[in-house]
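# Fold and contact review
These are the residues of each chain, in order.
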Amino acid sequence: MKKLSILFTAMLALMVVSCNKPKEAAAPAEEPKQVEKTVSVTMVTDVGGVNDQSFNQSAWEGLQKAKADFGIDVSYKESKQNADYAPNMEIALDSDNDLIWGIGFMMADAIMEAAQNNPDQKYAIIDNAYENTPENVVGVVFEAEQCSYLVGYIAGRMTQTGKVGFIGGIEFFLIQEFEYGFKAGVKQAGADIEVLSQYAESFSDAAKGKSIANSMYQQGADIIFHAAGGVGNGLIEAAKEQGKWAIGVDRDQSSLAPENVLTSAMKRVDNGIYNLSKDLADGKFPGGKTVSYGLAENGVGIAPTSSKHVPADILAEVEKLEEMIIDGAFVVPNTAETVEAYTPVEL
Amino acid sequence: MILQSIAFILGTTLMYATPLIYTSLGGTISENSGVVNIGLEGIMFMGAFIGAAVGFYTHSGWIGFLAAGVVGGLFGLLHAVACITFTADQVVSGIAINFLGPGFALLLCRLTFDGAAMTVPLPLDEKISRPLNGLFEQNSFFDMIFNRYSTVYLAFILVFLMWFLLYKTRLGLRIRAVGEHPEAAATLGINVYKIRYFSVIMSGVLSGFGGAAMSIAIVSQFRVTLISGQGFIALAAMIFGRWKPQGAMWACLLFGLANGIVIFMPRTGLDISSQLLSMLPYVLTLILLVVFVGKAIAPSADGEIYEKH
């Protein structure tokens, strides 16, 4: 009886595991090696999976666009947990790809190790800059402070209470760039506008995001920006309940609460992937470097739905600021010191 | 200003504690009948998804909430079949459910929402109702504390009902008898299997409610990261609460209070690192419980396999 029951539970567990099996993507079969072989690119997602409505999905959209535009072979492997990274790297290596993408800084170590073991294979990673990048690796980072600056300016111009808020996920440099960019943007809109800022130390605790947002709204803030993943879900809910504004991040989050999401600071992972895959197809792979995509390369930007709630004159000013940043008229601050030193530019 | 602060902390306490209370009540009834259920987390996950998905398709948070209870009950039944009828190890079966719940919820989510790993959010008026909404001025003292979703009030009613069931009814006496000494209970003519089936299925129903209280009251959609550890915290709260419904409730409230204080801290102007602060709820809860709560004694047949001779 007992053995039977252990078997039973083991079967249950197996069922779940098999349900979770990463989708075997259209792996290029053993084609005879031709001289003119199509370029093939694969990506390994982090634990979010390819339909995460966030950067993994965005990355896959970028690859699909690259496939449509210049006919490269694309595929993906999903990771369900951190322990999947290394095995997925092996699978990607065995299926004979020209370039293997790691999506997200969580895969930094896995990519580095794979790259050192296989110096002839090209790798690229999203959101990570190595100190010493091997010749076969490219790090791709996004200038998140630039889009945060633009939404900060919108928040600063549109606040009626003179107080806005920022909710961060876990406090480290990638997220702090959002905070400082946002603060600089608010400063550009008005020097006396106060920015409340708080970190949840989590990317998943929606209840905490909601409480922090409630706390900020009660202190008089009327617009809150987040860079906090699932925590931001709580913010958007609080905005709905209180009838206040929230600003989304990474993707256009307007669909989550069309009446309460003012705009979103978008990180165009899709464009980053697309650009670099194009470079690869053109034979211009920038190995051994960290590539940084900002407003100029369409790597970041504000959501296209912004015009729904943001008045046209403010959007025109945002566009002007955007041009100035692209032209290099000023550099958007991304540290506490540079925000402190930032003086608003003439529009 | 001080009143405002107190109101904020109390309101946050209630919001945080609610999903935990449902789930810890589920743990309480199961373990009082002698069946350990560490699958609470997996069932909550499933409940969170079913609540949000059914709520979205039926345009009614309440139907979603009930559906979450029903599906939670089915998962409870699964646990019951494995470890009562087939006398499986209760911990192993619980672990299996903790894998099954999230995996199954995600699979269903992708099937029903175009491959997305989250559901479409419910508009405010289709969520669970807020009975006192609009009664007080927005963000006034009473509004901050009492303008809560019905799930919050229901949780406290259920605590009372569970206490009544366990300590004031014959069924409750039988549940506890079966948890203390199933052989003795059986000699008195109590059907141990039946009682345990009932208790474990109820624990699934309550955990399903707990998940839905998260997905359609605190927020309005299911996400993969929405349930991350609440089931285990509820399990711990039940143990700290000495396997009693009111004890579990106090433990959940304490954890909620600690979170409320932590979120409030930055408003005091004290410059404490947010990493340190985020540890505080766990540390505070531990310390308070160690200091104020004595030795915890589980039902003596808790976790033991019972087989009729």
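## So, the sheet that holds strand β4 (residues 122-126) of chain A
All names here are of chain A. Taken in spatial order, the six strands line up as β2-β1-β3-β4-β5-β11 in an open sheet, and their pairing is parallel. Both outer strands of the open sheet, β2 (73-77) and β11 (289-293), are each paired with one neighbouring strand and no more. Adjacent strand axes in the sheet meet at a mean angle of 20° when their direction is disregarded. One ladder, built from four bridges, connects strand β3 (residues 99-102) with β4; its direction is parallel. Paired with Gly102 across the strands is Ile125, a residue of β4. Across the face of the sheet, helix α3 (residues 85-94) comes into contact with β1 (40-44), β2 and β3 while running at roughly 170° to β1.

## So, the interface of chain B and chain A
How big an interface is tends to be reported as the loss of accessible area on association of its parts. Contacts between the two partners involve 40 residues from chain B, matched on the other side by 40 residues from chain A. Within the residue set of the side of chain B that touches chain A, elements represented by two or more residues are α1 (2-32), α4 (90-112), α11 (245-264) and α12 (274-292) of chain B. Broken down by element, the residue count for the side of chain B that touches chain A peaks at eight residues, all from α4 of chain B. Broken down by class, the residue content of the side of chain B that touches chain A amounts to 22 nonpolar, 14 polar and four charged.

## Here's the deal with the confidence of the model for chain B
Looking at chain B, the pLDDT average stands at 93 and 99% of residues meet or exceed 70. Quick note on the complex model: pTM equals 0.88, ipTM equals 0.93.

## Structural notes on the sheet that holds strand β6 (residues 163-168) of chain A
Strand pairing in a sheet relies on backbone hydrogen bonds, with the paired strands running either antiparallel or parallel. All names here are of chain A. Taking strand neighbours across the sheet as the criterion, the six strands line up as β7-β6-β8-β9-β10-β12 in an open arrangement whose pairing is mixed. Each having just a single partner strand, β7 (194-199) and β12 (300-302) make up the two edges of the open sheet. Sheet twist, expressed as the mean angle between neighbouring strand axes with direction ignored, is 15°. Inspection of the sheet shows β6 paired to strand β8 (residues 223-227) by five bridges, in the parallel sense. For Phe166, the partnering residue across the bridge sits in β8 and is Phe225. Contacts from helix α8 (residues 231-242) reach β6, β8, β9 (245-250) and β10 (261-267) within the one sheet, and its direction differs from that of β9 by about 155°.

About the thresholds
- Each chain has its residues counted from 1, running along the sequence as written.
- Chains and ligands are labelled by the order in which they are written, letters from A for the one and numbers from 1 for the other.
- Side-chain atom pairs in this predicted model are given and counted only at pLDDT of 80 or more, local residue features only at pLDDT of at least 70, and totals for whole chains, interfaces and linings cover all residues.
- The rule for pairing is simple: two strands pair if DSSP sees at least two bridges between them.
- The numbering of helices and of strands both runs from the N terminus, where a helix is a DSSP run of H or I of at least 4 residues and a strand a run of E of at least 2.
- Helix axes are fitted only over the stretch in contact, all axes being lines through C-alpha atoms; the angle between N-to-C directions runs from 0 to 180 degrees.
- Think of it this way: build a C-beta for each residue from its backbone, and any pair within 7 Å is a contact.
- In the scheme used here, Gly and all other residues not listed as nonpolar or charged are polar, with Ala, Val, Leu, Ile, Met, Phe, Trp, Tyr, Cys and Pro taken as nonpolar and Asp, Glu, Lys and Arg as charged.
- Scored between 0 and 100, pLDDT is the confidence that the predictor attaches to each residue.

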